[in-house]
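Fold and contact review
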Amino acid sequence: MIKANKVYLVFLNGKSNAGGAERMVHYLDEYLKSRKILTEIIDEDRLKNTFIGKLYWRLFSIKHFQKRRAKYIAKFTTAFLWLHYRPNKMVISNGEPTAYYATDCVISHGCYHKMELDYGRKDSRLSRVAKLQMKACKNAKKIIAVESNVKEDLIKYYGINENKISIVPNCIDQTNFYPIKKPSADFRTILYVGRLEHGKGLTELQELAKFVDSKSDWKLLIASNNSSNTELFKNLNNTEILVGLTIDNINQLAYSRADIVYYPSYSESFGMVTIEALACGRPIAGNAVGILPKLVKEKHPGCYLLPQKIDESIFNFFTECLEDSKKCKPEEIHEITMNKFGIKSYFEQMDQQFFSKNQIPLYK
């Protein structure tokens with residue numbers, strides 16, 4: 001039984017608003033604080049800005065170390081945690097950074113090997129990062145997966161004991177994600193939210209942008225956390241790009257302007273964009289990845305699976321989705337979504353993991 005009055009959250013990207021996994025670090029941090037538990041985020045900046053870290057990070061200017069960056073960061077993280085070890089402290093991580101440290105809990109946002117296969121990896125052997133993730137999961141005392149498919153992948157690809165894995169879905173907060181009336185316009189807006197990279201469906205997004213550019217009654221709005229590959233869309237008249245939106249303004253500046261959200265990702269363990277769109281009362285059409293196919297099967301309002309091929313008929317598909325989504329008001333879609341994925345439900349489920357009988361208590 002572990003008794004702790006402080007928790008180290010080891011997530012190299014911290015709790016920035018860059019993506020879904022980072023937002024969940026924010027919610028995890030808020031959960032622990034709400035239970036009167038001290039937390040400290042151990043991200044890459046925290047590690048490399050230590051005295052030794054400033055020297056250690058110089059190694060990554062050497063090709064050998066840069067190629068094995070994840071492994072050497074994991075080793076440095078282990079040394080850092082051992083130097084700061086105290087009996088009353090607990091360690092929670094997302095896996096890879098603590099591959100060589102026996103963490104109290106790993107929060108798994110997805111199986112890295114499965115993602116690589118979905119992205120087109122032909123080699124069935126585990127990559128360096130996948131091996132680190134597997135080792136971290138095997139060393140952890142317990143694992144919390146964000147969806148049942150993640151649990152299945154960890155068992156299938158890494159051989160993790162199923163009794164070691166619990167499931168707590170990601171959550172969404174209604175402070176930032178709620179229906180906002182769309183500004184009146186004589187065109188419909190398709191919204192894409194995410195990084196502009198191959199695995200997120202960049203090729204399909206480019207194809208859609210070309211089709212949108214030939215229409216007078218459709219627009220494409222792209223919201224990305226960075227400017228990488230934005231130049232691919234610069235010569236298109238009907239496409240607008242917003243870069244660097246945060247959890248505080250993405251609803252007002254992006255979701256509120258959307259008629260429908262387009263989600264062509266090849267692989268997602270959960271897919272925060274799905275519940276963000278629904279919490280904002282917007283329908284979403286995406287590939288059968290993450291939580292979306294499960295919601296479609298459950299007939300959750302506003303959820304649709306994309307056709308296999310993106311061509312000019314896609315606008316007819318979007319129109320059908322929009323008509324069908326009108327069966328529920330945006331406020332109703334929001335309410336149904338919050339009942340499933342709201343902060344209250346998430347906090348209650350985390351209590352079951354950390355405070356219920358036979359579970360790990362976080363403090364005395």
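Everything below is about the structure shown above.
Report on the accompanying structure.

Rules behind the numbers
- Residues numbered from 1 in each chain as written.
- Predicted model: local features only at pLDDT ≥ 70, side-chain atom pairs only at ≥ 80, totals over all residues.
- Heavy atoms only, no water.
- Helix = DSSP H or I, 4+ residues; strand = E, 2+ residues; numbered from the N terminus.
- Expected span 1.5 Å × (residues − 1).
- Buried < 20%, exposed > 50% of the residue type's maximum accessible area, 1.4 Å probe, protein only.
- Arc of directions from axis to C-beta.
- Polar contact = N/O pair within 3.5 Å; in protein donor to acceptor, adjacent residues only side chain to side chain.
- 1 Å grid on protein atoms, 1.4 Å probe; cavity = no way out; pocket = protein on both sides within 12 Å on 5 of 7 lines; lining within 4 Å.
- Points joined across faces, edges and corners; volume = space filled by probe spheres on them.
- Nonpolar A, V, L, I, M, F, W, Y, C, P; charged D, E, K, R; others polar.
- Axes fitted to C-alpha atoms, helices over the stretch in contact; angles between N-to-C directions.
- Parallel < 35°, antiparallel > 145°, perpendicular 65-115°, else oblique.
- Contact = heavy atoms within 4.5 Å.

Examining helix 13 (residues 314–325)
With 12 residues, helix 13 should cover 16 Å at 1.5 Å per step; its first-to-last C-alpha distance of 16 Å lies within 8% of that length. Burial in helix 13 covers these residues: Ile314, Phe315, Phe317, Phe318, Cys321, Leu322 and Ser325. The arc that holds the buried residues of helix 13, viewed along the axis, is 155°, so those residues lie on one side. Of the residues in helix 13, the exposed ones pointing more than 90 degrees away from the buried face are Asn316 and Glu320.

Considering the side chain of Ser127
Checked against the element boundaries, Ser127 lands in the loop between helix 6 (112–118) and helix 7 (128–139). At a separation of 2.9 Å, a polar atom in the side chain of Ser127 contacts the side chain of Glu116.

Some details on the layout of surface pockets
For the second largest pocket, the calculated volume is near 370 Å³. Elements with a minimum of two residues in the lining of the second largest pocket: helix 13 and helix 14 (330–341). Looking at which element gives the most residues to the lining of the second largest pocket, the answer is helix 14, with three residues. The residue inventory of the lining of the second largest pocket, partitioned by class, reads eight nonpolar, two polar and eight charged.

Some thoughts on empty space enclosed by the protein
All chains considered together, the criterion is met by one cavity of 30 Å³ or more. Computed from the structure, the largest cavity encloses a volume of approximately 80 Å³. Those elements that provide at least two residues to the lining of the largest cavity are helix 1 (20–34) and helix 15 (343–354). With three residues, helix 1 is the largest single contributor of residues to the lining of the largest cavity.

With respect to the packing of helix 9 (residues 202–213) against helix 13
Running from N to C, helix 9 and helix 13 point in directions that differ by 90°, and their axes come no closer than 11 Å. In this view, helix 9 runs roughly perpendicular relative to helix 13, as classed from their interaxial angle. Seen from helix 9, the contacting residues are Leu208, Phe211 and Val212; seen from helix 13, they are Ile314, Phe315 and Phe318. Split by residue class, the contact of helix 9 with helix 13 holds six nonpolar, no polar and no charged.

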